[in-house]
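A structural walkthrough
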Amino acid sequence: MDSTANARPIPADFAHVHTWVFDLDNTLYPPKARLFDQIEAHMVTYMVDTLKISAAKANEMRTAYWHDHGTTLAGLMHHHDIDPDPFLEAVHDISMHPLTPDPWLAGRIAALPGRRIVYTNGTAPYARRVIAARGLDGLFDAVYGVEHANYRPKPEAAAFQQVFGQDGLDPTRAAMFEDEARNLAVPHDLGMRTIHVAPERLDHGYIHHHTDDLSAFLARLVG
């Protein structure tokens, strides 16, 4: 277990890594941007309009489905046979104005050796908008969204297997950066190096490292 609060370098822990996998939301941008406030509001509106329920009930279901199924969409598909594409288009139609370019982060990602990919429970088009708003264009070899996993979300093992199989990465030579701790359990079991990017430290056995500052953590890897 490690943290950016510690000064000791850790490059040896990552010397074997050839593929760097980054989650998107609250990982490649700080949680204070609060993009999910916009997304969650759109989810509630969509559920109210589609399921003909109250906003309070929609918000309750949104949270329960996220907890039980990995994403709200997965719960809606399971319980209500919701068509995923219109839902995803609607909920990701948000403003990127809270995001600002981060040249320091861009430089540190660019300096990572090997391949760099993004894998999100959002969609690839939405991910590319976020990447552009953060000034990270051109840094990633591939961008994968939930659509590439047949709409199965992290933390499901089948979702990781689908995406990693498409990418052709070797999990034993890969590392994953992720803000949702539960989404690191399967990568750990597959042999990946796992980094939890979040304000709080969680002492789960499937988390190798913790940081509350992705850019600072990467600086320790690339110098």
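Notes on the structure follow. Owing to the predicted nature of the structure, the values given are computational and were not obtained by experimental measurement. (Residues numbered from 1 in each chain as written. Predicted model: local features only at pLDDT ≥ 70, side-chain atom pairs only at ≥ 80, totals over all residues. Heavy atoms only, no water.)

**Some words on the overall build of the protein chain**
What counts is decided by this rule: Numbering goes from the N terminus for both helices and strands, where a helix is a DSSP run of H or I of at least four residues and a strand is a run of E of at least two. Put simply, the radius of gyration uses C-alpha atoms, and a globule should come to 2.2 Å times the residue count raised to 0.38. When accessible area is computed with a 1.4 Å probe and restricted to protein chains, residues below 20% of their type maximum are described as buried, those above 50% as exposed, and intermediate ones as partly exposed. Where accessible areas are quoted, they stem from the Shrake-Rupley method and a 1.4 Å probe; at the residue level, only the protein chains shown are allowed to cover. The charged-residue count follows a simple rule in which Lys and Arg add positive charge and Asp and Glu add negative charge, with His and chain termini not counted at all. Charged side chains are reduced to one point each, which is NZ for Lys, CZ for Arg, CG for Asp and CD for Glu.
Each helix and strand counted, the protein chain has nine helices and six strands in total. Here the C-alpha radius of gyration of the protein chain, 17 Å, is about what a compact globule of 223 residues would show, namely 17 Å. For the protein chain, the spread of C-alpha atoms along the three principal axes comes to 55 × 35 × 30 Å. Looking at the 223 residues of the protein chain, the share that counts as buried comes to 49%. When the accessible area of the protein chain is evaluated, it comes to approximately 10,000 Å², of which 52% is carbon and sulfur surface. With 19 positive and 29 negative side-chain charges, the protein chain shows a spacing of 5 Å between the two charge centroids.

**A word on the pattern of salt bridges**
Our working definition: Every case where a carboxyl oxygen of Asp or Glu lies within 4 Å of a side-chain nitrogen of Lys or Arg is listed as a salt bridge.
Within this structure, the stated rule accounts for eight salt bridges. The salt bridge partner of Asp 37 is Arg 34, with a shortest N-O separation of 2.6 Å.

**Things to note about unusual backbone geometry**
Lys 154 connects to Pro 155 through a cis peptide bond whose omega is 15°. Summarising the element assignment, Pro 155 is placed in the loop between β3 (142-144) and α7 (157-167). Phi is positive for Asn 26, which is not a glycine, with a value near 60°. By the secondary structure assignment, Asn 26 is in the loop between β1 (19-22) and α1 (35-51). Judged by its relative accessible area of 19%, Asn 26 is buried. Despite not being glycine, Asp 81 shows a phi value in the positive range, around 55°.

**Some remarks on helix α3 (residues 72-80)**
Residues spaced three or four apart along an α-helix face the same direction, because each turn holds 3.6 residues. Looking at α3, one finds that the buried residues are Thr 72, Leu 73, Ala 74, Gly 75 and Leu 76. Downstream of α3 by a residue or two, Asp 81 has a phi angle that is positive, lying close to 55°.

**Some details on the packing of aromatic side chains**
Going by this rule: Pairing of aromatic side chains requires ring centres within 6.5 Å, counting the rings of Phe and Tyr and the six-membered ring of Trp. Pairs whose planes differ by under 30 degrees are stacked, by over 60 edge-to-face, and all others tilted.
Tallied over the entire structure, the rule returns ten aromatic pairs. Centre to centre, the rings of Phe 14 and Trp 20 are 5.9 Å apart; their planes meet at 20°, and the pair counts as stacked. Neither residue differs from the other here; Phe 14 and Trp 20 are each classed as buried. When the centroid spacing of 4.7 Å and the interplanar angle of 5° are considered together, the rings of Phe 22 and Phe 177 count as stacked. With a gap of 155 residues between them, Phe 22 in strand β1 and Phe 177 in strand β4 (residues 174-178) connect regions that are remote in the sequence. Classification of Phe 22 as buried rests on a relative accessible area of 0%. Residue class for Phe 177 comes out buried when judged on its relative accessible area of 0%. An aromatic cluster is built from Phe 14, Trp 20, Phe 22, Phe 140, Phe 177 and Phe 217, whose rings are joined through pairwise contacts.

**As for the side chain of Asp 167**
We apply this condition: Whenever a nitrogen or oxygen atom comes within 3.5 Å of another N or O atom, the pair is scored as a polar contact, on the condition that within protein one atom can donate a hydrogen and the other can accept it, and that pairs from neighbouring residues in sequence are kept only if both atoms are in side chains. Two residues qualify as a contact provided that any one of their heavy atoms is within 4.5 Å of a heavy atom in the partner residue.
Structurally, Asp 167 can be placed in helix α7. A distance of 2.7 Å separates a polar atom in the side chain of Asp 167 from a polar atom in the side chain of Tyr 144. Not counting the four nearest positions on each side in its chain, Asp 167 is found in contact with Arg 115, Ile 117, Ala 142 and Tyr 144.

**Comments concerning the packing of α1 against helix α4 (residues 84-91)**
Put simply, the test is: Only the stretch in contact is used when a helix axis is fitted, and all axes are lines through C-alpha atoms; the angle between N-to-C directions ranges over 0 to 180 degrees. Any angle from 65 to 115 degrees is called roughly perpendicular, while one under 35 is roughly parallel, one over 145 is roughly antiparallel, and all others are oblique. Take the far helix as your reference; a near helix turned counterclockwise from it by less than a right angle gives a left-handed crossing, and one turned clockwise gives a right-handed crossing.
Taken N-terminus to C-terminus, the directions of α1 and α4 make an angle of 135°; their axes are 8 Å apart at the nearest point. The pairing of α1 with α4 is recorded here as oblique in orientation. Crossing geometry of α1 relative to α4 is assigned as right-handed. On α4, the residues touching Ile 39, His 42, Met 43 and Tyr 46 of α1 are Pro 86, Phe 87, Ala 90 and Val 91.

**Quick look at the side chain of Asn 183**
Its location among the elements puts Asn 183 in the loop between β4 and α8 (185-190). One polar contact links Asn 183 to Glu 178, side chain to side chain, over a distance of 3.3 Å.

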